[in-house]
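As a plain string of letters, each chain reads:
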Amino acid sequence: MGSIRSLKCRECGKEYEPQFRYVCEDCFGPLDVLYKEVKVDRKTFELREKTYWRYFELLPIADKKNVVSLNAGLTPLQHADKLGPKLGLKSLYVKNDSVNPTFSFKDRPAGVAVSRAKETGLKAVGCASTGNLASATAAHAAKAGLPCYIFAPSDLEHVKIAQALSYGAEFVSVEGTYDDANRVAAIIGDSKGIGVVNINMRPYYVEGSKTLAYEVAEQLGWEIPDNLIIPVGSGAMLNAICKGFEELHSLGLIDSPKGMKIIAAQPHGCAPVVDAFKRNSDEVIPVERPETIAKSLAIGDPGDGAYVLKRLKQYNGIAEEANDAEICDSILLLARTEGIFTEPAGGVSVAVLRKLVEEGKIAKDESTVCYVTGNGLKTTEAIIGLLPKLIAVKPDAAEVAAMIR
Ligand SMILES: *Cc1c(COP(=O)(O)O)cnc(C)c1O
Ligand SMILES: [Zn+2]
């Protein structure tokens, strides 16, 4: 056992022993997990557990007994046969990751990073969070029996704070932006030996997100979709999904993903990657004061922003944004056509999808997978103003009957 070969610098290629290390000492590039040769085929996974741990050989945990699992993953890939035709699309799928145990896709990266923290004997874990990672990390820490430290901006949605606190985490509420919280978390994590899942455990963290590619491929019968729409905060998920498809190809499980089109979706008010893309520049200029209802995407200085731009070049990509009104509208559209209630991040994906279909940048006969990454129950304040106000009535059937036409 022990499928990790090394940690490899994404920039200069230097390899390191898999230790508590996340940047290259020569060039400060990020480190990615490199695996020893593994032998798997399509059949390997077929009868396995219905969680993302079915891909165990492709994840950076050496010993199965260190897996900390809340049974996340293998979420529905819903054929959107109501929303698709409404937009004029023949083949639209929604990857509904809002139904994970803590109600966002963050159960994937957090679960893998906490498992790795357990495997390497770390005594505490934590994260810098825009909201969802807090609960994903806290819940997995609870299951692992490890203390958990959350660093997050103080203006998060109430539910996200209450949820994370309920799992028993220490919550450091930072007056400032996500980037401020992130900076503090990085320093505290390294000085106190805390495994901060999305900072000093990042090489392992991103490996969890790539299962969003594995599952979509498997659920489509190992076919590759034409388009992927992916919401972008730090950009780690988008990059990991690309890595996931590439790994499946190099393992011989799918054809080359080269022809796939990758679409990055960001909220207006925090769209530094979209801005760079539209300026045709490789340089992501940080947004100092993000202002958007899509708080889980409110990362002004995205760690993987430059890599997202590279991926867009590599995969005929597009980056597009949606404003708050378009996001809310799309949350309700998705709910009312597909019965899926998402938070604003998912609204961003759907809003960008609509925009690109209208502009003819997504062709009607192409197959498209739209990633919906978080649950609407966490963010009802975003859309409550758009819903009908209720007026209570007497429990009188005649009176109620008169109201219902
Ligand atoms: C964190 C998050 C994202 C963005 O993921 P990144 O890896 O930071 O780009 C998207 N959607 C939801 C619901 C999130 O919580
Ligand atoms: Zn390097």
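The following paragraphs examine the structure supplied in this document. (Residues numbered from 1 in each chain as written. Chains lettered and ligands numbered in written order. Predicted model: local features only at pLDDT ≥ 70, side-chain atom pairs only at ≥ 80, totals over all residues. Heavy atoms only, no water.)

**What about unusual backbone geometry?**
Note on backbone geometry: most residues besides glycine have negative phi, and most peptide bonds are trans. At Asn71, a residue that is not glycine, the phi angle is positive and equals roughly 65°. Checked against the element boundaries, Asn71 lands in the loop between helix 1 (42-46) and strand 4 (77-79). Within the chain, Trp222 stands out as a residue other than glycine whose phi angle is a positive 65°. Its location among the elements puts Trp222 in the loop between helix 8 (211-219) and strand 10 (227-231). What makes Trp222 buried here is its relative accessible area of 10%. (Helix = DSSP H or I, 4+ residues; strand = E, 2+ residues; numbered from the N terminus. Buried < 20%, exposed > 50% of the residue type's maximum accessible area, 1.4 Å probe, protein only.)

**Things to note about the environment of Glu218**
With respect to the helices and strands, Glu218 occurs in helix 8. Residue Glu218 is classed as buried on the basis of its relative accessible area, which comes to 17%. Considered as a pair, Glu218 and Asn71 are 147 residues apart in the sequence and their alpha carbons are 18 Å apart.

**Looking at the coordination of the zinc ion (ligand 2)**
The coordination sphere of the zinc ion (ligand 2) contains the protein donors Cys9 (SG), Cys12 (SG), Cys24 (SG) and Cys27 (SG), at a distance range of 2.3 Å. Considering all four donor atoms around the zinc ion (ligand 2), the spread of angles at the metal, 96 to 120°, places the coordination shape in the tetrahedral class. Of note, the donors binding the zinc ion (ligand 2) are all from one chain and are spaced C-x2-C-x11-C-x2-C. Residue Cys27 is classed as partly exposed on the basis of its relative accessible area of 32%. (Donors = N, O, S within 2.8 Å, 3.2 Å for Na, K, Ca; no water. Tetrahedral: all angles 85-135°; square planar, octahedral: opposite > 155°, others 65-115°.)

**A few points about the sheet that holds strand 3 (residues 31-35)**
The pairing of strands in a sheet comes from backbone hydrogen bonds and takes either a parallel or an antiparallel form. Spatial strand order, 2-1-3: three strands in an open sheet with antiparallel pairing. The two strands at the open ends of the sheet, each matched to only one other strand, are strand 2 (15-16) and strand 3. Of the pairings in the sheet, the one linking strand 1 (residues 4-9) to strand 2 comprises two bridges and is antiparallel in character. Within the sheet, the bridge partner assigned to Lys8 lies in strand 2 and is Glu15. (Pairing = 2+ DSSP bridges.)

**With respect to the pattern of salt bridges**
Opposite charge on two side chains makes pairing possible when the charged atoms of those side chains draw close. One pass over the full model with this rule turns up 28 salt bridges. Ionic pairing is found between Lys14 and Asp26, a salt bridge with its closest N-O pair at 3.4 Å. In this pair, Lys14 is assigned in the loop between strand 1 and strand 2 and Asp26 in the loop between strand 2 and strand 3, connecting sequence segments 12 residues apart. Here Arg21 makes a salt bridge to Glu25, at a shortest N to O gap of 3.6 Å. (Salt bridge = Lys/Arg side-chain N within 4 Å of Asp/Glu carboxyl O.)

**Brief notes about the sheet that holds strand 9 (residues 195-196)**
Strands sit in the order 8-7-6-9 across an open sheet of four strands; the sheet is parallel. Each having just a single partner strand, strand 8 (170-174) and strand 9 make up the two edges of the open sheet. Sheet topology places strand 7 (residues 148-153) next to strand 8; five bridges connect them, and they run parallel. Bridge assignment links Phe151 to a residue of strand 8, and that residue is Val172. This element, helix 4 (residues 132-144), spans strand 6 (125-128) and strand 7 of the sheet and lies at about 175° to strand 6. (Contact = heavy atoms within 4.5 Å. Axes fitted to C-alpha atoms, helices over the stretch in contact; angles between N-to-C directions.)

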